[in-house]
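Topology and contacts: notes
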Amino acid sequence: FKDGRYVRTFEDMSTLTHDQLVTCMVGRDIQDIYDYRSREQGEVALKVDGLLGPGLREPISFQVRKGEILGLFGLVGAGRTELFRLLSGLERASAGSLELCGHALQLRSPRDAIAAGVLLCPEDRKKEGIIPLGSVAENI
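In this report, the structure presented in the accompanying data block is examined. (Residues numbered from 1 in each chain as written. Predicted model: local features only at pLDDT ≥ 70, side-chain atom pairs only at ≥ 80, totals over all residues. Heavy atoms only, no water.)

What about the overall build of the protein chain?
Applicable threshold: Think of it this way: any DSSP run of H or I at least four residues long counts as a helix, any run of E at least two long counts as a strand, and we number them from the N terminus. Radius of gyration here is computed from C-alpha atoms only, and the compact-globule reference equals 2.2 Å multiplied by the residue count raised to the power 0.38. Classification of residues uses two cut-offs on accessible area relative to the type maximum, computed with a 1.4 Å probe and protein chains only: under 20% is buried, over 50% is exposed, and between them is partly exposed.
The secondary structure content of the protein chain amounts to 6 helices and 4 strands. When the helices and strands of the protein chain are listed from N to C terminus, the series reads α-α-β-β-α-β-β-α-α-α. Computed over the C-alpha atoms, the radius of gyration of the protein chain is 21 Å, more than 25% above the 14 Å expected from 2.2 N^0.38 for a compact globule of 140 residues. Based on the C-alpha atoms only, the size of the protein chain along its principal axes is roughly 60 × 40 × 30 Å. In the protein chain, which comprises 140 residues, the proportion classed as buried is 17%.

A look at the packing of aromatic side chains
Inclusion rule: A pair of Phe, Tyr and Trp rings is counted when the ring centres sit within 6.5 Å of each other, with Trp represented by its six-membered ring. The angle between the planes then sorts it: under 30 degrees is stacked, over 60 is edge-to-face, the rest tilted.
Summed over the entire model, instances satisfying the criterion amount to 1 aromatic pair. Ring geometry for Phe1 against Tyr6: centres 6.3 Å apart, planes inclined by 85 degrees, an arrangement best described as edge-to-face.

A word on the nonpolar core
As a reminder, the rule being used: Residues belong to one nonpolar core when they are buried, are Ala, Val, Leu, Ile, Met, Phe, Trp, Tyr or Cys, and are joined through side-chain atoms within 4.5 Å. In what follows, a contact means two residues having at least one pair of non-hydrogen atoms within 4.5 Å.
Membership of the largest hydrophobic core comes to 13 residues, with the highest contact counts inside it found for Val48, Leu51, Phe62, Leu83, Leu87 and Leu98. Here this core gets 3 residues from one element, more than from any other, and that element is helix H3 (residues 80-87). Beyond its immediate sequence surroundings of up to four residues, Val48 is in contact with Ile60, Ser61, Phe62, Leu87, Ser97 and Leu98.

Quick look at a nonpolar patch on the surface
The test is simple: The patch calculation keeps residues exceeding 30% relative accessible area without a salt bridge and links them within 9 Å when they carry like charges or within 5 Å when they are nonpolar (Val, Leu, Ile, Met, Phe, Trp, Tyr). Calculation of accessible area relied on Shrake-Rupley with a 1.4 Å probe; when residues are assessed, cover is drawn exclusively from the protein chains displayed. For salt bridges, the criterion is a side-chain nitrogen of Lys or Arg within 4 Å of an Asp or Glu carboxyl oxygen.
A contiguous nonpolar surface patch, about 380 Å² in accessible area, is contributed by Leu70, Leu72, Phe84, Leu90 and Leu120. Residue position: Leu72 is located in the loop between strand S2 (60-65) and H3. On the accessibility criterion, Leu72 (34% relative accessible area) is partly exposed.

Looking at the pairing of strand S3 (residues 95-100)
Note the cut-off: Criterion used throughout: strands pair if DSSP finds at least two bridges between them.
Pairing geometry for strand S1 (residues 44-52) and S3, over 5 bridges, is antiparallel. The partner of Asp49 across the bridge, within S3, is Ser97. Pairing of S3 with strand S4 (residues 103-105), which is carried by 3 bridges, proceeds in the antiparallel orientation. The residue bridging Leu100 from the neighbouring strand is His103, located in S4. The loop that links S3 with its antiparallel partner S4 comprises 2 residues; one of these, Cys101, has a positive phi angle of about 55 degrees.

Side note on the pattern of salt bridges
Overall, the coordinates contain 4 salt bridges when judged by the stated rule. Among the ionic pairs, Arg85 bridges to Glu91, the shortest N-O distance being 3.4 Å. Looking at Arg85, the relative accessible area reads 26%, which means it is partly exposed.

A few points about the side chain of Ser88
With respect to the element layout, Ser88 can be found in the loop between H3 and S3. Those residues within four positions of Ser88 in sequence are excluded, and the remaining contacts are Ser109, Pro110, Ala113, Val118 and Leu120.

Concerning the sheet that holds S4
Condition: Helix axes use the C-alpha atoms of the stretch in contact, all axes being lines fitted to C-alpha atoms, and the angles between their N-to-C directions lie in the range 0 to 180 degrees.
Taking strand neighbours across the sheet as the criterion, the 4 strands line up as S2-S1-S3-S4 in an open arrangement whose pairing is antiparallel. Edge positions in the sheet fall to S2 and S4, since each has one partner strand and no second. With strand direction ignored, the average angle separating the axes of adjacent strands in the sheet is 20 degrees. Across the sheet, H3 lies against S1, S2 and S3, angled at about 115 degrees from S1, the strand it touches most.

As structure tokens, this is what we get:
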């Protein structure tokens, strides 16, 4: 069913392909929507190695290459917000290292992160992302 209407029944689920399922879910061939083409991976743009700090239960390591899009998600308490606070200099790491385009980052404050080109758009932008008494120009 899709939007309350019958779409299709698959008698043998072992023959169902990913593309067939997506087509049934969205109502058209997925190729028509995104025109996806694989790309060559670029150089490592962000390297996080053994990063640990407030709110993280274990060290985190990952790399993001130029041209890649990284999405982080998880349940409340999984450490997503805490990781971003470390990456933006809002919290200090107790262990690990950060590299941006091959240059080591020593983030002691958000000012250091901004100077390096790292910015945070917080989850609650009204509470954490603006200066309420400041002008629009000051907030930009």
